Amino acid sequence: MSIKILVVDDEEIIVEELLEALTDEGYQCFGASGVDAAVELVSTAVGIELIITDLKMPKKTGADLIKTVETKWGQQIKFIVMSGHGSPRIEENGVDIASYPFLRKPLGIESLIEKISSVLEAKE
């Protein structure tokens, strides 16, 4: 059974590129262009183990997604946060982004794959 990963970014091209790269690596991937769509997918696609989310998105942020998912499902789903802006810090909603694996955009696929491996190994 392959690992299920959800990629969340308001830029569709980034979602498509990451889905293609991660699928080629053998992961089962889903994509969402915003927080509400991501929460819906987590609710319906059983077994998502990792969410890779952009931090800055219109309306709701990656920090909002983390807070919602962890409130509803606890710590069982892991996160990797990516951003092209700033550095990890405590967001307005109280989520400490520095406590999550962080990648700066634009992403290198190799560094993303390494980060995914380390996050999933830590989960076991």
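For the structure, see preceding data.
The paragraphs below set out a description of the structure included in this document. (Residues numbered from 1 in each chain as written. Predicted model: local features only at pLDDT ≥ 70, side-chain atom pairs only at ≥ 80, totals over all residues. Heavy atoms only, no water.)

So, about the nonpolar core. Ranked by size, the top nonpolar core spans 25 residues in total, and within it Leu 6, Val 8, Ile 51, Leu 65 and Ile 97 carry the most contacts. Secondary-structure elements contributing two or more residues to this core are strand 1 (4–8), strand 2 (28–32), helix 2 (35–44), strand 3 (48–54), helix 3 (62–73) and strand 4 (78–83). By size, the runner-up hydrophobic cluster in this structure holds 18 residues, among which are Leu 22, Ile 52, Leu 103 and Ile 116. (Core = buried A, V, L, I, M, F, W, Y, C linked by side-chain atoms within 4.5 Å. Buried < 20%, exposed > 50% of the residue type's maximum accessible area, 1.4 Å probe, protein only. Helix = DSSP H or I, 4+ residues; strand = E, 2+ residues; numbered from the N terminus.)

Backbone-to-backbone hydrogen bonds pair the strands of a sheet. The strands run either parallel or antiparallel. Spatially, five strands are ordered 2-1-3-4-5 in an open sheet, and the strand pairing comes out parallel. Edge positions in the open sheet fall to strand 2 and strand 5 (102–104), since each of these has one partner strand only. Neighbouring strand axes in the sheet, compared pairwise and without regard to direction, differ in orientation by 20 degrees on average. In terms of strand pairing, strand 1 meets strand 3 through five bridges, oriented parallel. Within the sheet, the bridge partner assigned to Lys 4 lies in strand 3 and is Ile 48. (Pairing = 2+ DSSP bridges. Axes fitted to C-alpha atoms, helices over the stretch in contact; angles between N-to-C directions.)

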